[in-house]
Amino acid sequence: NNCTYWKSRSDDRGLHRAGLCCVNIGAVYENCPNLERFMGVEVAMVSHKQPFNKWNVKIKKRFYDNYLQQVGTKEMKAWAKTRWFPRRPVLPTHIGYDRVLN
């Protein structure tokens, strides 16, 4: 199971970057409050009714636990440096079909 995240080093692609590769989990904050699971990780328990930085800390813990279950060996700080996002992603103001037409 190789990760194809564009910023990953070739020697660090053995485990998929759940929550970062393909779709950044940070993009769902306040946009998908009914989401229950994301790439196999339970996210419904983390409320969107809190500041992003607190939400991110709680979500990050869940994805780090998932990484460990995949036999990841990095400590959380080292894992977060290469496998997590430090701040909220910037999204377009118009999403989906409306963005194409405007």
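The shown structure was predicted, so the numbers you read here are calculated from the model rather than taken from an experiment. The residue numbers shown here count from 1 along each chain, following its written sequence. Reporting in this predicted model follows two pLDDT cut-offs: at least 70 for local features of residues, and 80 or more for side-chain atom pairs to be given and counted; totals over whole chains, interfaces and linings ignore these cut-offs and use all residues. Side-chain numbers here rest on the full set of heavy atoms in the structure, without hydrogens or water.

### Let's talk about the overall build of the protein chain
Now for step 1: A tally of helices and strands in the protein chain yields three helices and two strands.
Now for step 2: Partitioning the contacts of the protein chain with sequence separation of at least 6, the portion at a separation of at least 24 is 41%.
Now for step 3: Taken as a whole, the protein chain presents about 7,200 Å² of accessible surface, with 54% of it coming from carbon and sulfur. Helix and strand assignments follow DSSP, with helices taken as H or I runs no shorter than four residues and strands as E runs no shorter than two, numbered in order from the N terminus. When checking whether two residues touch, look at their non-hydrogen atoms; a contact exists if any pair is within 4.5 Å. Here the open area of atoms and residues is found with the Shrake-Rupley method and a 1.4 Å probe, where only the protein chains shown may cover a residue.

### Some remarks on the environment of N53
Now for step 1: Within the secondary structure, N53 is located in helix α1 (residues 52-69).
Now for step 2: Judged by its relative accessible area of 51%, N53 is exposed.
Now for step 3: Sequence spacing of N53 and R87 is 34 residues, and the spatial spacing of their C-alpha atoms is 7.8 Å. When accessible area is computed with a 1.4 Å probe and restricted to protein chains, residues below 20% of their type maximum are described as buried, those above 50% as exposed, and intermediate ones as partly exposed.

### Quick word on helix α2 (residues 76-83)
Now for step 1: Of the residues making up α2, those classed as buried are W79, A80 and R83. Down the axis of α2, the sector holding all buried residues measures 95°, keeping them to one side. For α2, the exposed residues lying more than 90 degrees away from the buried face are K77 and K81.
Now for step 2: For α2, the secondary structure elements touched by its buried residues are α1. This arc is built from the directions going out from the helix axis to the C-beta atoms.

### So, the packing of aromatic side chains
Now for step 1: Put simply, two rings from Phe, Tyr or Trp (the six-membered ring, in Trp's case) pair if the centres are within 6.5 Å, and we call them stacked under 30 degrees between planes, edge-to-face over 60, tilted for the rest. Taken as a whole, this structure holds 11 aromatic pairs when the rule is applied.
Now for step 2: Relative to W55, the ring of F52 has its centre 5.6 Å away and its plane inclined at 35°; by these criteria the two rings are tilted. Note that F52 and W55 are positioned in helix α1 at a spacing of three residues, about one turn of the helix.
Now for step 3: Put simply, the rings of Y29, F38, F52, W55, F63, Y64, Y67, W79, W84 and F85 touch in pairs and so form one group of aromatic residues.

### Focus: the side chain of H48
Now for step 1: Mapping H48 onto the fold places it in the loop between β2 (41-42) and α1.
Now for step 2: Given the relative accessible area of 16%, H48 is considered buried.
Now for step 3: We call two N or O atoms a polar contact when they sit within 3.5 Å, provided that within protein one can donate a hydrogen and the other can accept it, with sequence-adjacent residues counted only if both atoms are side-chain atoms. From its side chain, H48 meets the backbone nitrogen of E30 in a polar contact 2.8 Å long.
Now for step 4: With near-sequence residues (within four places) excluded, H48 lies in contact with V28, Y29, E30, C32, P33 and W55.

### Some points on α1
Side chains that are three or four residues apart share a direction in an α-helix, a result of its 3.6 residues per turn.
Now for step 1: A helix is expected to span 1.5 Å for every residue after the first. For α1, built from 18 residues, the straight-helix expectation of 26 Å at 1.5 Å per residue is met to within 8% by its first-to-last C-alpha distance of 25 Å.
Now for step 2: By the burial criterion, the buried members of α1 are F52, W55, N56, I59, F63, Y64, N66 and Y67. All buried residues of α1 lie within an arc of 165° about the axis, which places them on one face of the element. Opposite the buried face of α1, by more than 90 degrees, sit the exposed residues V57 and Q69.

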